[in-house]
Amino acid sequence: MGICKAFLASYIFTAFAGILFKEKLHITEVIFLKYRTDLAVEGVENLEQSGVRPGEKDGIVMDKEKIDEDIKVTTIDIVNLKGEAMLGKPCGRYVTMEVAGIIDEKEGISERAAKALARQLSKLVKHRYDLKVLVVGLGNEKVTPDSLGPHTVSKIKITSHLFKIFGCDGDEEMSNVSGLAPGVTATTGMETAELIEKAVEMTKPDVVIAIDALAARNIDRVSTTIQISDTGISPGAGMGNVRKQLNEASLGTKVIAIGVPTVIDSKTVILEALEEMKIPEEKAYHYMDSREFDMVVTSTDIDLVIKSFSDIIAKAVNITLHPGIYS
């Protein structure tokens, strides 16, 4: 879940004084990023909490839209190097969809969320007669917070074999879709990125859609939020295990990342608690620096979160790639 180049900065846990100072880019602000997060919208919130309100002059363009009473969408476009430096993410589009009522199973919410997500995804992946797509489900199916990718890809309608059987070069109603759940290096002994590179060589897709778990700073977003980005992804980053990056530069084709925050760094939870108790910052920093908290935490209903969001994402991908079947 990380994304190329400067995106790695967002994973280096700079909870207490992650100072980004880019003299060559004429950034004169000293920005304190206190919390680790993979979400662009939370990166903006971190900046605002530090007294910096990023805008177009900083290379960061935001747009907010309310879809209905339960669904809202925030789109963040990073358009230049200054924006990259401020958010620690590469230029590109980051779409955050927040949905209320999923875990409570509000009537019709899953269907509405899937259609809303499909509308956002179709702006980045447009169906056409000869579209070829590789859908990759990243993560470890045996570790619940990290199993979003495998669970989702298992629900995607795979069609590439049909195109081969009937000798078709395209179809108006459905795309040529391959699927892959490569597992993780700890269980396969192979680098996930290298397996995906080989799959790309075999299938020659126009676009790769990679689905993975993310890290957030706000526990509420674990059960409400989906992020789409067009800048790629790094397997394992959400679980604190950054691997080789998957992006257009490494794979030679467009990479769309879809992620859901399923974990929070334990340091983030502790730091927020100390701040709520009005503990002075210097004491909080000293406490954190003097102890090892190399852990991530998740919610007690994470199994339901994975089930619900894998359903929603799979439906959205199927609607986008197979409009003649699922629209």
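Parameters at a glance
- Residues numbered from 1 in each chain as written.
- Predicted model: local features only at pLDDT ≥ 70, side-chain atom pairs only at ≥ 80, totals over all residues.
- Heavy atoms only, no water.
- Helix = DSSP H or I, 4+ residues; strand = E, 2+ residues; numbered from the N terminus.
- Contact = heavy atoms within 4.5 Å.
- Areas by Shrake-Rupley, 256 points an atom, 1.4 Å probe, with all protein chains shown as cover.
- Salt bridge = Lys/Arg side-chain N within 4 Å of Asp/Glu carboxyl O.
- Buried < 20%, exposed > 50% of the residue type's maximum accessible area, 1.4 Å probe, protein only.
- Axes fitted to C-alpha atoms, helices over the stretch in contact; angles between N-to-C directions.
- Parallel < 35°, antiparallel > 145°, perpendicular 65-115°, else oblique.
- Left-handed = near helix turned anticlockwise from the far one by under 90°.
- Core = buried A, V, L, I, M, F, W, Y, C linked by side-chain atoms within 4.5 Å.
- Pairing = 2+ DSSP bridges.
- pLDDT = per-residue confidence, 0-100.
- Expected span 1.5 Å × (residues − 1).
- Arc of directions from axis to C-beta.
- Polar contact = N/O pair within 3.5 Å; in protein donor to acceptor, adjacent residues only side chain to side chain.

### Some words on the overall build of the protein
Check the secondary structure of the protein and you find 12 helices and 11 strands. In the protein, the proportion of contacts linking residues at least 24 apart, taken out of those at least 6 apart, comes to 72%. Carbon and sulfur atoms make up 53% of the accessible area of the protein, which totals about 15,000 Å².

### A short note on the environment of Val208
Mapped onto the elements of the fold, Val208 is located in strand E8 (residues 207-216). In sequence terms Val208 and Val133 are 75 residues apart; their C-alpha atoms lie 5.8 Å from each other. Among residues more than four places away in sequence, those in contact with Val208 are Leu134, Val136, Val200, Leu251, Thr253, Lys254, Val255 and Ile256.

### Overview of the pattern of salt bridges
Under the criterion given, the structure shown has 15 salt bridges. Ionic pairing is found between Asp68 and Arg112, a salt bridge with its closest N-O pair at 2.8 Å. Of the two residues, Asp68 is situated in the loop between strand E3 (60-66) and strand E4 (71-78) and Arg112 in helix H3 (residues 109-121); the sequence distance between them amounts to 44 residues. With relative accessibility at 23%, the residue Asp68 sits in the partly exposed group. In this structure Arg112 comes out as partly exposed when scored by relative accessible area, which is 27%. Of the charged contacts in the structure, one is a salt bridge between Lys307 and Asp311, with a shortest N-O distance of 2.5 Å.

### Quick notes on helix H1 (residues 40-49)
Think of an α-helix as turning once every 3.6 residues; residues three or four places apart then point the same way. In terms of burial, H1 is largely enclosed, as 7 of its 10 residues are buried. Within H1, burial applies to Ala40, Val41, Glu42, Gly43, Val44, Asn46 and Leu47. One or two steps after H1, the chain reaches Gly51, where phi turns positive at roughly 90°.

### Quick look at the packing of helix H9 (residues 266-276) against helix H10 (residues 281-289)
Between H9 and H10, the least distance of the axes is 10 Å, while the angle of their chain directions is 150°. Relative to H10, H9 is oriented roughly antiparallel. In this structure, H9 meets H10 at a crossing whose hand is right-handed. Taken together, the residues of H10 that come into contact with H9 (itself represented by Lys267, Ile270, Leu271, Leu274 and Glu275) are Glu281, Ala284, Tyr285, Tyr287 and Met288.

### Let's talk about the nonpolar core
If you look at the biggest cluster of nonpolar residues, it comprises 43 residues, and the most contacted ones within it are Val135 and Ile209. Among the elements that make up this core, the one with the highest residue count is helix H11 (residues 302-321) (10 residues). Discounting chain neighbours no more than four positions away, the residues touching Val135 are Val153, Ile156, Val177, Ser178, Gly179, Leu180, Ile209, Ile211, Val317 and Leu321.

### Some words on the environment of Ala257
Assignment of secondary structure puts Ala257 in strand E10 (residues 254-265). We classify Ala257 as buried; its relative accessible area is 5%. Here Ala257 is in contact with Ala210, Gln227, Ile228, Ser229, Gly232 and Ile233, once residues within four sequence places are set aside.

### Observations regarding the pairing of E10
Successive residues of a regular strand alternate their side chains across the two faces of the sheet. Most of E10 sits out of view: 11 of its 12 residues are buried. Of the pairings in the sheet, the one linking E8 to E10 comprises 10 bridges and is parallel in character. The partner of Ala216 across the bridge, within E10, is Ile264. Summarising the sheet, strand E9 (residues 225-229) and E10 pair through 3 bridges and their orientation is antiparallel. Of the residues in E10, the one forming a bridge with Gln227 is Gly259. Judged from the 2 bridges that link them, E10 and strand E11 (residues 296-297) form a sheet pairing that is antiparallel. Opposite Ile264, over in E11, you have Val297 as the bridge partner.

### What about the confidence of the model for the protein?
Residues at a pLDDT of 70 or more form 86% of the protein, whose mean pLDDT is 86. Scored below 50 in pLDDT, residues 1-33 shows 98 contacts in the model against residues more than four places distant or in partner chains.

### Here we look at helix H7 (residues 192-203)
For H7, with 12 residues, the first-to-last C-alpha span of 17 Å sits near the 16 Å given by 1.5 Å per residue. All of the buried residues along H7 are Thr192, Ala193, Ile196, Glu197, Ala199 and Val200. For H7, the angular spread of buried residues about the axis comes to 165°, placing them on one side. Packing partners of the buried residues in H7 comprise strand E6 (132-137), strand E7 (176-180), helix H6 (185-188), E8 and helix H8 (248-251). Positive backbone phi, at 50°, marks Lys204, one or two positions downstream of H7.

### What about the side chain of Asn46?
Looking at the element boundaries, Asn46 is found in helix H1. A relative accessible area of 4% means that Asn46 is categorised as buried. In terms of polar contacts, Asn46 uses its side chain to reach the side chain of Arg217, at 2.9 Å.

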